[in-house]
Amino acid sequence: MKRLFATFLCFAGVCGMTSCDFNALLDFIEQQEQNQNEEEGEDEGGDIYDGITRSEMNEKGYSIKLEYTDVEGYSSNNGYVVYTRKKGKERWDAVSKSRIAIYIVDTDSESAYRFYQWIEEDGSKSGGWEDEVEYYSTRQTVTNSFNDLIYDGSGLLQYYGFSKSDKQEKILDLPCDVWTGTYTKKETQMHASTYGSMTSKLGNTGEFYVWNELTLRTIVNGKTQTECSAIVIGLDDKPFQKTADITWIE
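Residues numbered from 1 in each chain as written. Predicted model: local features only at pLDDT ≥ 70, side-chain atom pairs only at ≥ 80, totals over all residues. Heavy atoms only, no water.

What follows concerns the packing of aromatic side chains. Taken as a whole, this structure holds twelve aromatic pairs when the rule is applied. Their ring planes at 50° and their centres at 6.5 Å tell us that Tyr83 and Trp92 sit as a pair that is tilted. Accessibility expressed as a relative area gives 5% for Trp92, which makes it buried. An aromatic cluster of at least three residues, connected via ring pairs, comprises Tyr62, Tyr83, Trp92, Phe146 and Tyr151. Sitting above the plane of the Tyr80 ring, Lys65 keeps its charged end 4.3 Å from the centroid. The aromatic ring of Tyr209 is capped on one face by Arg217, whose charged end is 4.7 Å from the ring centroid. (Phe/Tyr/Trp six-rings, centres within 6.5 Å; stacked < 30°, edge-to-face > 60°. Buried < 20%, exposed > 50% of the residue type's maximum accessible area, 1.4 Å probe, protein only. Lys NZ or Arg CZ within 6 Å of the ring centre and 35° of its normal.)

Structure below.
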């Protein structure tokens with residue numbers, strides 16, 4: 001606002017010297033306010049994320065949170081998952097009523113951390129950080145979890161009965177392609193493994209909603225399995241330290 005006021009004074013001074021038209025002054029101020037609002041809303045989602053590439057997201061750092069609902073017994077508890085990445089660093093959080101699991105990997109240094117916490121019915125907690133963990137195994141866990149629930153599965157499922165529909169739908173104001181179908185396979189095909197319970201049994205119907213190669217919603221047999229509740233682009237390195245705090249996405 002101070003910057004806009006200073007610009008206003010500067011422009012007004014010029015107008016006084018050149019007899020500017022007052023309507024031109026109003027148009028100028030309105031345009032400056034619009035530009036300032038766009039700058040201040042840079043990390044709030046919506047249209048400002050349109051056109052950003054995945055490589056740009058990886059460079060800036062991004063995090064995506066999915067609310068997860070148990071469908072047909074595929075998951076033991078409802079909860080949420082969070083995938084976070086910045087350049088060569090990745091993190092996967094899986095949180096339910098009875099367990100918290102965190103995996104952090106750094107491909108540059110090949111370091112890895114893992115955190116487990118069990119939550120008993122009386123509210124007591126046990127577990128903690130495990131420092132001496134195998135890097136490649138932990139990285140595989142993060143990669144497999146991301147590929148299962150978040151990465152765009154259309155490249156695989158187009159061969160298993162799914163096709164892109166003509167409609168688009170917005171989630172968090174982001175335009176998503178919508179894929180629908182019934183999980184089928186030929187005798188010569190192996191079972192697909194993606195999107196949780198969507199591919200757990202032949203004949204399951206499903207929908208998945210994709211923005212920028214990220215899946216923001218999955219529906220299995222008419223019930224919502226995952227739903228994106230937050231996306232953040234632009235992170236420091238705090239998420240990749242040994243912390244169970246995920247306030248950057250909450």
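Our focus in this paragraph is the pattern of salt bridges. According to the stated counting rule, one finds eleven salt bridges in the structure shown. With its nearest N and O atoms 3.9 Å apart, the salt bridge here joins Lys86 to Asp237. Of this pair, Lys86 sits in strand β2 (residues 79-86) while Asp237 sits in the segment after β11 (223-233), and the two are 151 residues apart along the sequence. When its relative accessible area of 16% is taken as the criterion, Lys86 is described as buried. In this structure, Arg91 and Asp93 form a salt bridge, with 2.7 Å as the shortest nitrogen-oxygen distance. By the burial criterion, Arg91 is buried, and Asp93 matches it. (Salt bridge = Lys/Arg side-chain N within 4 Å of Asp/Glu carboxyl O. Helix = DSSP H or I, 4+ residues; strand = E, 2+ residues; numbered from the N terminus.)

This part covers helix α4 (residues 135-149). Look at α4: 22 Å from first C-alpha to last across 15 residues, which is about the 21 Å you get at 1.5 Å a residue. Restricting attention to buried positions, one finds in α4 the residues Tyr135, Thr138, Val142, Ser145, Phe146, Asp148 and Leu149. (Expected span 1.5 Å × (residues − 1).)

Another point: the nonpolar core. Core analysis: the largest hydrophobic core is formed by 29 residues, its most contacted members being Ile64, Ile150, Trp211, Leu214, Leu216 and Ile231. Only β1 (62-68), β2, β4 (99-106), α4, β8 (174-182), β9 (205-211), β10 (214-220) and β11 provide two or more residues apiece to this core. Sort the elements by how many residues they give to this core and β1 lands first, with four residues. Discounting residues that sit within four places of it in the chain, Leu216 has contacts with Ile64, Leu66, Ile171, Leu174, Cys176, Tyr209, Trp211, Thr226, Glu227, Cys228 and Ile231. Tyr80, Ile102, Ala230 and Ile246 belong to the second-largest nonpolar core, a separate cluster that totals 14 residues. (Core = buried A, V, L, I, M, F, W, Y, C linked by side-chain atoms within 4.5 Å. Contact = heavy atoms within 4.5 Å.)

Let's shift gears to the sheet that holds β10. Taken in spatial order, the eleven strands line up as β6-β5-β4-β3-β2-β1-β11-β10-β9-β8-β7 in an open sheet, and their pairing is antiparallel. For this open sheet the edge positions go to β6 (125-130) and β7 (162-171), each flanked by a neighbour on one side alone. Pairs of neighbouring strands in the sheet enclose a mean axial angle of 15°, with direction left out of account. In the sheet, β4 pairs with strand β5 (residues 111-119) via eight bridges, with the strands oriented antiparallel. From the neighbouring strand, Ile100 faces β5, where its bridge partner is Gln117. Where α4 meets the sheet, it contacts β1, β2, β3 (89-96), β4, β5, β10 and β11, and its direction lies at approximately 110° from that of β4. (Pairing = 2+ DSSP bridges. Axes fitted to C-alpha atoms, helices over the stretch in contact; angles between N-to-C directions.)

Any functional reading would require information beyond the geometric quantities listed.
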